[in-house]
Amino acid sequence: MTPVTKSAIQATPVKTPALPDAQTVTSVQHWTDRLFSFRVSRPQSLRFRSGEFVMIGLMGDPDPKTGKQKPLLRAYSIASPAWDEELEFYSIKVQDGPLTSRLQHIQPGDQIILRPKPVGTLVHDALLPGKRIWFFATGTGFAPFASLLREPETYEKYDEVVITHTCREVAELEYGRKLIEELKQDELMIELIGAENLAKIRYYPTTTREESPKMGRITELLKDGSVFRDLGIETMNPETDRAMVCGSLGFNMDLKEVLESFGLREGANSDPKEYVVEKAFVG
Ligand SMILES: Cc1cc2nc3c(=O)[nH]c(=O)nc-3n(C[C@H](O)[C@H](O)[C@H](O)COP(=O)(O)OP(=O)(O)OC[C@H]3O[C@@H](n4cnc5c(N)ncnc54)[C@H](O)[C@@H]3O)c2cc1C
């Protein structure tokens, strides 16, 4: 065997790894120092149901020993609806987070990795037919609902669509607030969904830290009945009400308890019932 000499190693051309499943960033919008949204090209073959998530990321740093680079991927809800020709994401910026410490700096024209295998439980198929759908979100948990609020099926299936979004500060509500406001005025949306259908949206934002017109955790506001009083809804009824939940693990657990107290049962893709839950992040 020919011994590998230093010069032989140096002569080996350094290969820049081609980005697997690359998609191009088309726009980026920063909402706060902790939140941003961005849009990327959509692979032609990607089919998904509004509300699902995919794995996205960037190439990781080279391994100091081998020099090899591996993709650094994280789960992300697709915030755009299934019919959109691009894909939208709504992201946290974790300053020491392996992915988002870098992802927050992407610019139009940059590439990201997108594994085209959508999955998730926040889909219409996982719920039994009902009259009113509740979307309960905290923080970036709004993302799957940004998709479902722009999905015509939501309005075909329900007479009323209640979206609650709870954040610490008012600025953290802005992505959702603006999306809903624009949705109701957008010509394409009106054509696709119908102005009368878009009028079914009831938006219920709350903050837990900064002063705002409605303060408090949504779990408490459900328990003390304020949500129902504010929206002029009697209460939650397992015959008519359906719910999708997306927030931190603690939020999901607390809300599950509240929903079960109203008689709603947790469903899944294979076993549709009255509510479904998805984590907005792990940790
Ligand atoms: C099913 C699913 C869907 C997800 N969808 C989204 C999404 O649409 N948008 C999004 O920003 N993130 C989403 N996440 C979280 C995402 O996968 C990453 O955790 C996030 O991008 C941070 O990655 P990171 O490598 O920078 O830090 P990580 O090492 O992944 O996380 C570091 C810490 O930051 C905190 N954290 C992570 N994500 C969030 C978040 N979204 N909000 C508040 N705190 C967080 C947690 O405490 C975590 O321990 C989702 C996670 C799951 C499981």
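Residues numbered from 1 in each chain as written. Predicted model: local features only at pLDDT ≥ 70, side-chain atom pairs only at ≥ 80, totals over all residues.

Looking up the chain in an unreviewed UniProt entry gives the name ferredoxin--NADP(+) reductase, with the organism given as Pseudooceanicola lipolyticus. According to the UniProt record, the Cofactor (unreviewed entry) comment for the chain is "FAD". Of the chain, the UniProt comment under Sequence similarities (unreviewed entry) reads exactly: "Belongs to the ferredoxin--NADP reductase type 1 family." (UniProt positions renumbered as here; feature names shortened; annotations may be inferred.)

Novice: What am I meant to see in the overall build of the chain here?
Specialist: The secondary structure content of the chain amounts to 10 helices and 11 strands. Across the 283 residues of the chain, 37% fall into the buried class. Considering only contacts within the chain whose residues lie at least 6 apart along the sequence, 72% involve residues at least 24 apart. (Helix = DSSP H or I, 4+ residues; strand = E, 2+ residues; numbered from the N terminus. Buried ≥ 20, exposed ≤ 12 C-beta atoms within 10 Å, placed from the backbone. Contact = placed C-beta atoms within 7 Å.)

Novice: Even after reading the chapter, I still don't get helix α5 (residues 174-185), so can you show me in this structure?
Specialist: What sets the pattern is the α-helix's 3.6 residues per turn: residues three or four places apart point alike. With 12 residues, α5 should reach 16 Å at 1.5 Å per residue; the first-to-last C-alpha distance of 17 Å fits that figure. What α5 keeps buried is the set Y175, G176, L179 and I180. Along α5, the residues classed as buried sweep out an arc of 125° about the axis, all on the same side. Along α5, the residues that are exposed and aim more than 90 degrees away from the buried face are K178, E181, E182 and Q185. (Expected span 1.5 Å × (residues − 1). Arc of directions from axis to C-beta.)

Novice: So what exactly am I meant to see when it comes to the site of the ligand here?
Specialist: The ligand sits among 23 residues. The nearest are G97, L99, T100, F281 and G283. Every element with two or more residues in the shell around the ligand is listed here: β4 (71-77), β5 (86-92), α2 (100-103) and β11 (275-279). If you tally residues by element for the shell around the ligand, the top one is β4, at four residues. Across the shell around the ligand, the residue classes tally to 12 nonpolar, eight polar and three charged. (Near = placed C-beta within 6 Å. Nonpolar A, V, L, I, M, F, W, Y, C, P; charged D, E, K, R; others polar.)

Novice: Looking at this model, I keep getting lost on the sheet that holds strand β2 (residues 35-41). Mind explaining?
Specialist: Hydrogen bonds along the backbone pair up the strands of a sheet, which may run parallel or antiparallel. Strand order in this open sheet of six strands is β4-β3-β6-β1-β2-β5, and the pairing throughout is antiparallel. With partners counted over all chains shown, the strands left at the sheet margins are β4 and β5, one partner each. Neighbouring strand axes in the sheet, compared pairwise and without regard to direction, differ in orientation by 35° on average. (Pairing = 2+ DSSP bridges. Axes fitted to C-alpha atoms, helices over the stretch in contact; angles between N-to-C directions.)

Novice: Would you mind going over the sheet that holds strand β8 (residues 160-167) with me for this structure?
Specialist: Within the open sheet, the five strands sit side by side as β9-β8-β7-β10-β11. Their pairing is parallel. Looking at which strands have only one partner, the edges of the open sheet turn out to be β9 (201-207) and β11. On average, adjacent strands in this sheet sit at an angle of 10° to one another, irrespective of strand direction. In the sheet, strand β7 (residues 132-138) pairs with β8 via seven bridges, with the strands oriented parallel. Note that in β8 the partner of F135 across the bridge is I163.

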